[in-house]
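Residues per chain are reported as follows:
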Amino acid sequence: MRAVDAVMECLKAEGVEVVFGLPGGANLPTYDAFYDAGIRHILVRHEAGGGHAAEGYAKATGKAGVALATSGPGATNVITPITDAMMDSVPTVFITGQVRTELLGTDGFQEADTIGISMPVVKHSFLIQHPLEIPRAIHEAFHIARTGRPGPVLVDIPQDLSRADIQYEPVNDVRLPGYQPTTEGNTKQIRQAAKALAAARRPVIYAGGGVINANGAPELTEFCLADRFPVTCTVMGLGAFPAPHEQWLGMLGMHGTRAANYAMDEADLICAVGARFDDRITGKLSEFAPRAKFIHIDIDPAEISKNVPAHIPIVGDAKNILAKLVAEYRALEFDSSRLDEWWTRIGGWRKKYPLRYEDSTDNEIKPQYMIQALYEATGGEAIVTSDVGQHQMWAAQYFHFSKPRRWINSGGLGTMGFGLPAAMGAQVGCPDQLVCCIAGDGSVQMNMQELATCAQEKIPIKVFIMNNGYLGMVRQWQELFWDKRYSQVDMGDFPDYLKLAEAYGATGLRFTDKRTLVSDMKDALATEGPVLVDVRVTREENTYPMIPAGQPAREMVG
Amino acid sequence: MGEPGTKELLSLEELEAAGGLRTGRKHLLSILVENKPGVLTRIAGLFARRGFNIDTLTVGPTDDDRVSRITLTLDGALHPIDQVTKQLHKLVNVIKIRDLEPDDTVSRELALFKVSVDGNQRGEVMQICEIFRGKVVDVTKRSLIVEITGTTDKVEAFERMVRPFGLIEMMRTGEIAISRGRGET
Ligand SMILES: Cc1ncc(C[n+]2csc(CCOP(=O)(O)OP(=O)(O)O)c2C)c(N)n1
Ligand SMILES: [Mg+2]
């Protein structure tokens, strides 16, 4: 059979139900194979949309997402989603077409050095040099993408090789001598960690996206509840612990709660699970959690002691390790009342500094209220994706995520335009669930074109644009740190989202009145097919509280 | 405190940070990689991206044609070596890394020196060359090429000795290294 037909067989063998892509000259053979392969292919309108859709699919389902692009511009268009998937550890496989081997290195039409360009931002990549390598490469790509710390893997297939005839034999093993992720976790270290936790008087559990990747939310919860451990999550980890909850401090970091950030600041022991001490968490590194010792649980050994030296490092799968940690912890004689004082202190912060905003006295919709209204309208029962900016932070603060894989956003790379295509991918992966996108009016325009895909494919996502007419987060920084010199952040009243929605074949709605917002939203949610809602909110509102960049947590403002 | 197998708790004060520390000395990393296209680019790219400085780097075949050996040296005062090796390990084509202990390692590099020798300086340079067990591999009326093999220290000592005569050019391969004893590197 043709190598591309073998690719289809490989995809089926890997359990792939759907791929997102857009054809071109260099992957014409692949698309010919799709014609009757029986794998759902969703024709996106921009390869970046396809890449983010694959990410949304992967984050919502836990399965690997697959995106396809042709050579040259098709391939360069997926560089942003590949980088995004790398930063947020999203299991994804990208299959790109490449020019014919005889043209390689000649600046042939639509030739780009895809392997070279993507090298710094992939978990791994395969440049196919012989058609016989193709099945194994696809198989190993899935294996690498899914296992260990997940990430994007790229397979670049020259056009002539993809149409070559090969003897296809199913591949059932992987030959990767240099790739053996540690999953188990050292028992002695786990025991040490349990003992340290039992001795700690001011502990904090700090969980990140790794817990969700490991499907370890139940184990995290059980562990936190094994004693009265205060718990906080990164923007990637929301949903790993059921919020709201007595022991839940809220999100931490730049726009986290004071309770969470102050607790980190005063902790004597921080147990990091699947989190990587990003600068949005630590603020000024030299003044981060100055009194704390650190337990660091991560599947990626390179994360341990990268930014913050760990006292008890544990390499392995978070689900696995947390389960063992609970057992070790329960076997100890610990005294929960040692945490009384700590909870009194935390309770003080919670009381004094709850998340708050000044509501409008008229009909005006405050952006924070918009999130609360959506939480109410959905009853919290929705997968929520977001773009990047103020709306993202308000969504993270005010929408409570009680389950994993319900909150899908671009945390590491902060990619505007992520939300709408990610919602599309999530909806394809979870057809029976409600999928909402909380979009920024700036961000949404970066991948708006996928609304056509949603209309054509009947993918009924509900997109709520938080329309402040600004690149709001940038405007906020200009207001606070650049003397209110608003440089290139005002987007005016463009475009007209009602007309745009209609043009794309979606339903367009506009909400401007807070008094009816919840019921209006319920109507929008009940509307069939894709819906684009233009929610007009207060134009100049700031996301608070905030740790100014490069400052320690104690210096939170707002 | 906190003995394994007991229920005794740990005292947090006793915990010490592991890793992320700078050793302050030169490190020789011996890296086995799959012999596949682009492997060196991946390694070089990783170093560039993470801001790790490589002092020397050599690549060569091994007795197994599916595997190549990269030997590189870097300064442990500038980088936490554990972070460097852990990042390298993340490359799928990297099979094995050893941070070689200087005392248990034989390391060599090859250097070629082109020295200008006018008049009676020739004899002096040749004498130094002999002391260093170097080999004169090319002679012209006004220059000599000397081949030196040895540790980096030896090569650098030779350089200091001949520089005053007029060092026209020097070329060095960078170190290769092998562990002492019967075990594999
Ligand atoms: C692709 C991309 N370009 C630029 C930025 C920088 N940036 C971060 S937030 C932001 C503003 C986003 O505006 P909008 O989507 O309207 O969200 P808002 O902050 O107003 O809620 C910008 C420009 C980015 N994150 N991504
Ligand atoms: Mg905006």
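Residues numbered from 1 in each chain as written. Chains lettered and ligands numbered in written order. Predicted model: local features only at pLDDT ≥ 70, side-chain atom pairs only at ≥ 80, totals over all residues. Heavy atoms only, no water.

## Things to note about the domain arrangement of chain A
All names here are of chain A. Segmenting chain A into domains produces domain 1 (3–163), domain 2 (187–352) and domain 3 (367–536). Across the contact, 26 residues belong to domain 1 and 27 residues belong to domain 3. Interface area, domain 1 with domain 3, both sides summed: about 2000 Å², of which 62% is carbon and sulfur. Put simply, domain 1 and domain 3 have one salt bridge between them. Across the pair Glu457 and Arg40 runs a salt bridge, and its minimum N-O distance is 3.2 Å. (Domains from an automatic or database assignment. Contact = heavy atoms within 4.5 Å. Buried area = accessible area lost by both parts, 1.4 Å probe. Salt bridge = Lys/Arg side-chain N within 4 Å of Asp/Glu carboxyl O.)

## Topic: the site of ligand 1
Residue and element names in this part refer to chain A. The environment of ligand 1 is formed by 18 residues, the closest being Gln390, His391, Asp441, Ser443 and Gly472. Backbone polar atom of Gly442 to an oxygen atom of ligand 1: 2.8 Å apart, as the coordinates give it. When ligand 1 is considered free in solution it has 580 Å² of accessible area, and contact with the protein chains removes 76% of it. Looking at the shell around ligand 1, the elements with two or more residues in it are helix 17 (390–398) and helix 20 (472–481). In terms of residue count, the dominant contributor to the shell around ligand 1 is helix 20 (three residues). Looking at the shell around ligand 1, its residues break down into eight nonpolar, nine polar and one charged. (Near = heavy atom within 4 Å. Polar contact = N/O pair within 3.5 Å; in protein donor to acceptor, adjacent residues only side chain to side chain. Areas by Shrake-Rupley, 256 points an atom, 1.4 Å probe, with all protein chains shown as cover. Helix = DSSP H or I, 4+ residues; strand = E, 2+ residues; numbered from the N terminus. Nonpolar A, V, L, I, M, F, W, Y, C, P; charged D, E, K, R; others polar.)

## A look at the pattern of salt bridges
All names here are of chain A. Within the structure shown, the criterion is met by 48 salt bridges over all chains. A salt bridge links Asp5 to Arg2; its shortest N-O distance comes to 2.9 Å. For Asp5, a relative accessible area of 21% translates into the label partly exposed. Two residues, Glu14 and Arg146, come together in a salt bridge whose shortest N-O distance is 2.8 Å. With Glu14 in the loop between helix 1 (3–13) and strand 1 (18–21) and Arg146 in helix 7 (residues 134–146), this residue pair connects regions lying 132 residues apart in the sequence. Note on Glu14: relative accessible area 14%, which makes it buried. (Buried < 20%, exposed > 50% of the residue type's maximum accessible area, 1.4 Å probe, protein only.)

## Re the pairing of strand 1 (residues 26–34) of chain B
Residue and element names in this part refer to chain B. By the criterion of burial, strand 1 is predominantly enclosed, with eight of the nine residues buried. Looking at chain direction, strand 1 and strand 3 (residues 67–75) are connected through nine bridges and run antiparallel. Looking at the pairing, Val33 lines up with Ser68 of strand 3. Here strand 1 runs beside strand 4 (residues 94–100); their pairing, made up of six bridges, is antiparallel. Across the sheet, residue Val33 finds its bridge partner in strand 4, namely Val94. (Pairing = 2+ DSSP bridges.)

## Comments concerning the confidence of the model for chain A
With 100% of its residues at a pLDDT of 70 or more, chain A shows a mean pLDDT of 97. Taken element by element, the predicted model of chain A shows its lowest mean pLDDT in helix 13 (residues 279–282) of chain A (95) and its highest in helix 18 (residues 419–429) of chain A (99). (pLDDT = per-residue confidence, 0-100.)

## Notes on the packing of aromatic side chains
All names here are of chain A. With the rule as written, the count across this model stands at 21 aromatic pairs over all chains. Centre to centre, the rings of Phe277 and Phe294 are 5.6 Å apart; their planes meet at 85°, and the pair counts as edge-to-face. In this pair, Phe277 is assigned in the loop between strand 10 (269–273) and helix 13 and Phe294 in strand 11 (residues 293–298), connecting sequence segments 17 residues apart. Accessibility assignment for this pair places Phe277 and Phe294 in one class, buried. An angle of 35° between the planes, with centres 5.1 Å apart, marks the rings of Phe401 and Trp407 as tilted. (Phe/Tyr/Trp six-rings, centres within 6.5 Å; stacked < 30°, edge-to-face > 60°.)

## Concerning the nonpolar core
All names here are of chain A. Among the nonpolar cores identified, the biggest contains 76 residues, and Leu197, Ile205, Leu220, Phe223 and Phe464 are the most heavily contacted of them. With near-sequence residues (within four places) excluded, Ile205 lies in contact with Leu197, Leu220, Phe223, Cys224, Phe229, Pro230, Val231, Thr232, Cys271 and Val273. Counting residues in hydrophobic clusters, the runner-up holds 44 residues, among them Phe94, Phe418, Ala422 and Val428. (Core = buried A, V, L, I, M, F, W, Y, C linked by side-chain atoms within 4.5 Å.)

## As for the sheet that holds strand 1 of chain B
All names here are of chain B. Read across the sheet, four strands follow the order 2-3-1-4 without closing on themselves; strand pairing throughout is antiparallel. If you trace the sheet from one side to the other, it starts and ends with strand 2 (56–61) and strand 4, each paired once. Neighbour-to-neighbour, the strand axes of this sheet turn through a mean angle of 15°, independent of strand direction. Along the sheet, helix 1 (residues 39–50) contacts strand 1, strand 2, strand 3 and strand 4; its crossing angle with strand 3, the most-contacted strand, is approximately 20°. (Axes fitted to C-alpha atoms, helices over the stretch in contact; angles between N-to-C directions.)

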